[in-house]
Amino acid sequence: MPEIKDILEGSKIAGARMIRLIEDSDPSAFEMLKLLYPHSGNAFIIGITGPPGVGKSTLIDALILEFRKLDIKIAVIAVDPTSPISGGAILGDRLRMQRHATDEKVFIRSMASRGQKGGLSRATKDAAIVLDAMGYEIIIIETVGAGQGEFEVATIAHSTGIINIPGTGDGIQTVKAGILETGDVFIVNKSDKPDADELVHHLTRMISMRKPFKTNLAKTNWTARVLKTIARDGTGVKELADTFLSHFDFMKKNSLLDQKRKKIEKSYFTSLLKDLILKKVLLFAETSGEYMEVLNKIQSREMDPLSAAELVVNNICVLKSNN
């Protein structure tokens, strides 16, 4: 069992053990998070998302190098697809970032998505709290890369980078999926490919189209940037790192960081409520006897699942109100 003191002192071993408890849904992790939470809230969280094959891990590996040149203590949570057999992460993004393995100021952790929508594991925000409390100044969260629906990362990150590559039509997909509204920095990776400039132009035009929908916001709004990179040789990565840091400074100077943090905490609180309520409702239903009764009726097709679920929930609400 990791010690709170060791985690706060930045012990990688203690931090890794704590994150393992979180992934295993160990009850002790919940209690420890309560103690760690007051020590969090200082890190700059960057979300990196995009479809498979755009080079997210390679780009993050290059970003780590640029941030370390500034002596920034950095952690990475790489949310990987889940093995259907073991339930663990199957890609292991840490393998792509091995050159940083001996750096005491770099912590890289792969986490299994475990089927969570939005390309994020349910434990990701909890792990970010641990890393924040450990003193990491920047935390990068890389989503699983399962497709274009990955805007959930924007609910836990202060700044969101969306990666595209030329020649795949992903610029158009961005509009279709609604990711356009969540991005703070758009990255055209593998920009040595043909049509890179065309994609930059396309993304820039789309960003200009989103402005009329934000008339209620102040003139101090950040205008999303579009940058070209070649992650494999580091081209454009320094500019990208500087842009993320500029966005962080911009938010602080214009009182936008506090607003963003409030949104993140609201989202986290809501997700916790959903998880805890669901657990308690299921436990109550299963121990009441009614659960098995309606389940048998569903399996014998005497009742449909929708009506059965509605009946159980309504009965629980009645019982709770009577108590």
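Presented here is an overview of the structure given in this document. If you're wondering where the values come from, they're calculated on a predicted model, not measured in any experiment.

**Things to note about the overall build of the chain**
Thinking step 1. Looking only at helices and strands, one finds 11 helices and 7 strands in the chain.
Thinking step 2. Looking at the chain as a whole, 46% of its 323 residues qualify as buried.
Thinking step 3. When contacts within the chain are restricted to residue pairs at least 6 apart in sequence, those whose partners lie at least 24 apart make up 75%.
Thinking step 4. Total accessible area on the chain is roughly 16900 Å²; 56% of this is exposed by carbon and sulfur atoms.

**Describing the packing of aromatic side chains**
Thinking step 1. Under the definition given, this model contains 3 aromatic pairs.
Thinking step 2. Between the aromatic rings of F44 and F248, the centroid separation amounts to 4.3 Å while the plane-to-plane angle is 20°, which identifies the pairing as stacked. Residue F44 is located in strand β1 (residues 44–49), and its partner F248 is located in helix α8 (residues 237–253); the two are separated by 204 residues in the primary sequence. As far as burial versus exposure is concerned, F44 and F248 are alike and both buried.
Thinking step 3. When the ring centre of Y136 is taken as reference, the NZ or CZ atom of K73 above it lies at 4.7 Å.
Thinking step 4. The cationic tip of R225 hangs over the ring face of W222; the distance from NZ or CZ to the ring centre is 3.8 Å.

**As for the nonpolar core**
Thinking step 1. Within the largest apolar cluster, 33 residues are counted, with the highest numbers of intra-cluster contacts made by I7, M18, I77, V130, L131 and I139.
Thinking step 2. When contributions to this core are tallied by element, the ones reaching two or more residues are α1 (4–8), α2 (12–23), α3 (27–36), β2 (74–80), β3 (106–112), α5 (124–133) and β4 (138–142).
Thinking step 3. Here this core gets 6 residues from one element, more than from any other, and that element is α5.
Thinking step 4. For I77, the contacting residues outside a window of four places in its chain are R109, M111, T124, A127, A128, L131, I139, I140, I141 and E142.
Thinking step 5. Listed in part, the 31 residues of the second largest apolar core include I48, I60, I165 and L227.

**Considering the pattern of salt bridges**
Opposite charge on two side chains permits pairing when their charged atoms draw close.
Thinking step 1. Enumeration according to the criterion identifies 17 salt bridges in this entry.
Thinking step 2. Across the pair E31 and K34 runs a salt bridge, and its minimum N-O distance is 3.3 Å. Here E31 and its partner K34 are both found in helix α3, 3 residues apart, which amounts to about one turn of the helix.
Thinking step 3. The class for E31 is partly exposed, based on a relative accessible area of 44%.
Thinking step 4. A salt bridge links K238 to D242; the shortest N-O distance between them is 2.9 Å. Residue K238 and its partner D242 are both found in helix α8; the two are separated by 4 residues, about one turn of the helix.
Thinking step 5. Taking the relative accessible area as the measure of exposure, D242 reaches 31% and is therefore partly exposed.
Thinking step 6. Several salt bridges converge on common partners, so that one network encompasses R20, E23, D24 and R109.

**Observations regarding unusual backbone geometry**
Thinking step 1. For D71, which is not glycine, the phi torsion reads 60° and is therefore positive.
Thinking step 2. Topologically, D71 is positioned in the loop between α4 (56–69) and β2.
Thinking step 3. By relative accessible area, D71 is classed as partly exposed at 46%.
Thinking step 4. Its identity as a non-glycine residue notwithstanding, S255 has a phi of 60°, on the positive side.
Thinking step 5. For S255, the location among the structural elements is in the loop between α8 and α9 (256–288).

**Considerations on α4**
Along an α-helix, residues three or four apart share an orientation, since each turn contains 3.6 residues.
Thinking step 1. In a regular helix each residue adds 1.5 Å, so 14 residues correspond to 20 Å; α4 covers 20 Å between its end C-alpha atoms and thus fits that length.
Thinking step 2. Burial analysis of α4 places 11 of its 14 residues in the buried class, which makes it a mostly covered element.
Thinking step 3. Along α4, the residues classified as buried are K56, S57, L59, I60, D61, A62, L63, I64, E66, F67 and R68.
Thinking step 4. D71 occupies a position one or two residues after α4 and carries a positive phi of about 60°.

So, how was this worked out
Residues numbered from 1 in each chain as written. Predicted model: local features only at pLDDT ≥ 70, side-chain atom pairs only at ≥ 80, totals over all residues. Heavy atoms only, no water. Helix = DSSP H or I, 4+ residues; strand = E, 2+ residues; numbered from the N terminus. Buried < 20%, exposed > 50% of the residue type's maximum accessible area, 1.4 Å probe, protein only. Contact = heavy atoms within 4.5 Å. Areas by Shrake-Rupley, 256 points an atom, 1.4 Å probe, with all protein chains shown as cover. Phe/Tyr/Trp six-rings, centres within 6.5 Å; stacked < 30°, edge-to-face > 60°. Lys NZ or Arg CZ within 6 Å of the ring centre and 35° of its normal. Core = buried A, V, L, I, M, F, W, Y, C linked by side-chain atoms within 4.5 Å. Salt bridge = Lys/Arg side-chain N within 4 Å of Asp/Glu carboxyl O. Expected span 1.5 Å × (residues − 1).

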